[in-house]
Amino acid sequence: MINYQAIRVIYKYEMLRAWNTLLQTIASPVISTSLYFVVFGAAIGSRIEQIEGVPYGVFIVPGLVMLSLLTQSIANASFGIFFPKFTGTIYEVMSAPISFFEIVVGYVGAAATKSLVLGVIILITANLFVDLNIAHPFVMALFLVLTCVSFALFGFIIGLWATNFEKLQLIPMLVITPLVFLGGSFYSVSMLPPAWQTITLFNPVLYLISGFRWSFFEVADVSVGVSLAMICMFLLACLALVWWMFKTGYRLKQ
Amino acid sequence: MKNIVHIEALSKTYDSGHQALSRVDLDIHQGEILALLGPNGAGKTTLISIICGIVSASTGTVSVAGHDNVRDYRKTRDLIGLVPQELTLGAFDTVWNTVNFSRGLFGKPPDTAYLEQLLKDLSLWDKRDSELRELSGGMKRRVLIAKALSHEPRVLFLDEPTAGVDVELRQDMWKMVRKLNDSGVTIILTTHYIEEAEEIADRVGIISQGKLLLVEDKQNLMQKLGKKQLLIELREMVEAIPAALAEYNLEISRDGGHLVYTYDTQSERTGITSLLQDLNDNGMSLKDLKSSQSSLEEIFVNLVSTK
Ligand SMILES: Nc1ncnc2c1ncn2[C@@H]1O[C@H](COP(=O)(O)OP(=O)(O)O)[C@@H](O)[C@H]1O
Ligand SMILES: [Mg+2]
């Protein structure tokens with residue numbers, strides 16, 4: 001038996017929260033994406049011309065989308081569960097006939113949905129600046145969904161783990177942002193010196209961006225199969241961690 | 001009498017090492033109003049939190065309507081509503097949205113008519129579109145009650161419901177508690193105000209330093225532990241008690257117009273009849289008699305200080 005009503009109200013509540021802060025949720029990523037286009041696409045891009053046969057302004061689109069998806073999925077999901085913990089309203093969720101699985105589906109589902117919508121909005125915005133052709137739309141959609149879900153899960157874990165606002169910001173700021181910037185969002189790894197190329201291969205975000213970019217241009221730093229395998233592994237790792245948290249009542253129950 | 005909640009050997013030691021409960025056994029009767037009375041830090045909130053599933057027990061078991069509250073948590077939580085001690089509410093949700101959220105969380109399909117009546121009963125209907133942060137403390141307390149009742153629970157926990165609440169709301173609340181209780185809802189409330197327990201409860205449990213000292217019918221409790229005093233007003237002042245009356249341990253009031261006789265309601269013979277006879281024999285004529293019973297407050301202070 002699954003408590004569908006509970007999933008429904010949690011999902012709705014989280015979506016409503018985004019609606020109430022629509023400007024923050026949607027407009028700010030759109031504006032920042034546009035800024036990236038102006039700076040990287042127009043100003044710098046005019047000097048770089050092409051990477052592996054793709055105009056620079058177009059080349060950076062997948063990386064830009066990933067940058068927003070990763071940060072927003074994590075921010076949304078971590079805040080969604082952290083805030084009730086912080087204010088104490090979590091007591092109600094904890095005293096309700098609802099399993100950890102249902103809590104996760106509600107919160108993570110909503111966060112993933114929001115970033116999915118965001119990803120689409122960014123793609124549409126990008127299309128205003130450059131001509132986008134997506135070579136493999138289904139693979140692209142698959143990468144979008146997998147990324148949104150796994151990083152929302154990851155954000156949920158951070159939100160559970162965090163005991164204060166600093167910790168909430170810590171991992172996104174110190175880990176995620178550097179990994180995204182160093183993961184080839186704005187360049188091809190082949191442009192780096194060989195030593196750096198090897199080091200970059202240890203960056204999981206590289207696989208994500210590479211695979212996602214392949215679905216657009218059929219240009220990739222690593223093979224798309226490896227990329228898919230990596231994101232699936234990350235998803236499984238997050239699921240395992242959440243399952244363990246569920247088993248132990250981690251940071252929810254005293 | 002049927003028990004709706006059965007608690008056995010329940011102990012809780014927090015991660016900090018603090019033992020908040022030690023081997024609590026308690027049966028809560030179906031349909032009763034039980035007051036858990038105890039000073040701050042006694043473990044009342046901990047006990048409630050464990051029953052509701054917010055805190056996990058270190059050892060011991062809780063069952064609700066025959067279901068274990070860990071293994072069969074869906075069945076037990078379905079039956080329970082909780083009004084927490086703190087005014088924990090979201091800031092930007094509206095009253096209407098938040099009660100609908102609560103109902104859904106407990107797996108119940110939406111029921112506009114029920115929730116409308118509920119808000120009306122709690123004088124919240126006019127405020128249904130207000131954001132929670134706009135409400136006064138008393139109104140927030142009402143919202144918490146509405147949330148707790150949104151899924152039609154059979155057992156309602158009220159954790160210090162009158163803390164920081166004005167007289168009007170307190171009266172409303174007791175009215176509502178009685179009405180709910182009449183409809184068959186079992187009610188457990190915690191308080192450190194003795195008058196509250198005295199006013200509303202059928203039974204009183206006294207808890208102190210993590211131990212449940214006793215649970216008794218309110219009347220029994222007061223009789224069992226309460227000493228009665230007989231206040232005897234005399235026609236003439238007395239200065240000393242005649243030697244013949246020494247066995248009664250009488251006290252003379254300060255103005256000398258009254259005698260005070262303390263007796264135990266539990267003992268076989270209260271000694272009142274013979275006292276009156278002896279008073280008469282010693283030539284003291286009575287003007288009036290009055291008896292008084294010690295309040296729960298005195299009982300409570302006695303218990304907590306002696307154990
Ligand atoms: N999360 C916690 N961690 C450590 N100690 C706690 C925690 N919650 C409560 N306590 C301690 O447990 C004792 C009982 O607290 P509580 O159940 O809130 O008492 P009451 O509700 O009767 O005032 C207190 O001494 C309190 O400080
Ligand atoms: Mg308390």
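See the structure printed just above.
Residues numbered from 1 in each chain as written. Chains lettered and ligands numbered in written order. Predicted model: local features only at pLDDT ≥ 70, side-chain atom pairs only at ≥ 80, totals over all residues. Heavy atoms only, no water.

Chemist: What exactly am I supposed to notice about the site of ligand 1 here?
Modeler: Residue and element names in this part refer to chain B. Of all residues adjacent to ligand 1, which total 13 residues, the nearest are Gly-41, Gly-43, Lys-44, Thr-45 and Thr-46. With respect to ligand 1, the side chain of Tyr-14 contributes an N or O atom lying 3.5 Å from a nitrogen atom. Between ligand 1 and His-18, the relevant distance is 3.1 Å, taken from an oxygen atom to a side-chain nitrogen or oxygen of the residue. For ligand 1, whose unbound accessible area comes to 560 Å², protein coverage reaches 69%. Considering every element that reaches the shell around ligand 1, the biggest residue donor is helix H1 (residues 44-52), with three residues. (Near = heavy atom within 4 Å. Polar contact = N/O pair within 3.5 Å; in protein donor to acceptor, adjacent residues only side chain to side chain. Areas by Shrake-Rupley, 256 points an atom, 1.4 Å probe, with all protein chains shown as cover. Helix = DSSP H or I, 4+ residues; strand = E, 2+ residues; numbered from the N terminus.)

Chemist: I would appreciate a short explanation of the coordination of the magnesium ion (ligand 2) in the present structure.
Modeler: Perfect tetrahedral coordination of a metal by four donors corresponds to 109.5 degrees between them, and perfect octahedral coordination by six donors corresponds to 90 or 180 degrees. Residues and elements named next belong to chain B. Within the protein, the magnesium ion (ligand 2) binds to Thr-45 (OG1) and Gln-85 (OE1); these donor distances fall in the range 1.9 to 2.2 Å. With a gap of 40 residues between them, Thr-45 in helix H1 and Gln-85 in the loop between strand E6 (80-83) and helix H3 (95-105) connect regions that are remote in the sequence. Using a relative accessible area of 24% as the deciding quantity, one classes Gln-85 as partly exposed. (Donors = N, O, S within 2.8 Å, 3.2 Å for Na, K, Ca; no water. Buried < 20%, exposed > 50% of the residue type's maximum accessible area, 1.4 Å probe, protein only.)

Chemist: I'm lost on the packing of aromatic side chains in this one. Help?
Modeler: When we look at a pair of aromatic rings, we describe it by the centre distance and by the angle of the planes. Under the defined criterion, the tally for this structure stands at 20 aromatic pairs over all chains. Relative to Phe216(A), the ring of Phe212(A) has its centre 5.1 Å away and its plane inclined at 80°; by these criteria the two rings are edge-to-face. Of this pair, Phe212(A) and Phe216(A) both sit in helix H10 (residues 204-217), four residues apart, which is roughly one turn of that helix. Overall, Phe212(A) belongs to the buried group, its relative accessible area being 0%. Through successive ring pairs, a cluster of aromatic residues spans Phe79(A), Phe82(A), Phe83(A), Phe86(A) and Phe165(A). Just above the ring of Trp125(B) sits the side chain of Arg128(B); from NZ or CZ to the centre is 4.1 Å. One residue, Arg170(B), lies across the ring of Tyr193(B), its end atom 5.8 Å from the ring centre. (Phe/Tyr/Trp six-rings, centres within 6.5 Å; stacked < 30°, edge-to-face > 60°. Lys NZ or Arg CZ within 6 Å of the ring centre and 35° of its normal.)

Chemist: Sorry, what's going on with the packing of H3(B) against helix H4 (residues 112-121) of chain B here?
Modeler: The relative placement of two packed helices comes down to the angle between their axes together with the axis-to-axis distance. Residue and element names in this part refer to chain B. Between H3 and H4, whose axes approach to 11 Å, the crossing angle comes to 125°. Taken together, the axis directions place H3 and H4 in an arrangement best described as oblique. H4 is crossed by H3, and the crossing has right-handed handedness. Each of Val-95, Trp-96, Val-99, Asn-100 and Arg-103 in H3 lies in contact with H4, whose residues at this interface are Thr-112, Tyr-114, Leu-115, Glu-116 and Leu-119. Its residues assigned to classes, the contact of H3 with H4 shows six nonpolar, two polar and two charged. (Axes fitted to C-alpha atoms, helices over the stretch in contact; angles between N-to-C directions. Parallel < 35°, antiparallel > 145°, perpendicular 65-115°, else oblique. Left-handed = near helix turned anticlockwise from the far one by under 90°. Contact = heavy atoms within 4.5 Å. Nonpolar A, V, L, I, M, F, W, Y, C, P; charged D, E, K, R; others polar.)

Chemist: What am I meant to see in the sheet that holds strand E14 (residues 286-293) of chain B here?
Modeler: Picture the strands of a sheet paired through backbone hydrogen bonds; they go either parallel or antiparallel. Residue and element names in this part refer to chain B. The antiparallel open sheet is built from four strands, whose spatial order is E12-E13-E11-E14. Both outer strands of the open sheet, strand E12 (251-252) and E14, are each paired with one neighbouring strand and no more. Across the face of the sheet, helix H9 (residues 272-281) comes into contact with strand E11 (227-234), strand E13 (258-264) and E14 while running at roughly 155° to E13. (Pairing = 2+ DSSP bridges.)

Chemist: Is there a simple way to think about helix H4 (residues 61-87) of chain A in this case?
Modeler: In an α-helix, one full turn covers 3.6 residues, which means residues spaced three or four apart are oriented alike. All names here are of chain A. With 27 residues, H4 should cover 39 Å at 1.5 Å per step; its first-to-last C-alpha distance of 38 Å lies within 8% of that length. When the local axis directions of H4 are compared, the greatest deviation, roughly 25°, occurs at Phe-79. Positive backbone phi, at 95°, marks Gly-88, one or two positions downstream of H4. (Expected span 1.5 Å × (residues − 1). Bend = angle between axes of the 7 residues up to and from the residue.)

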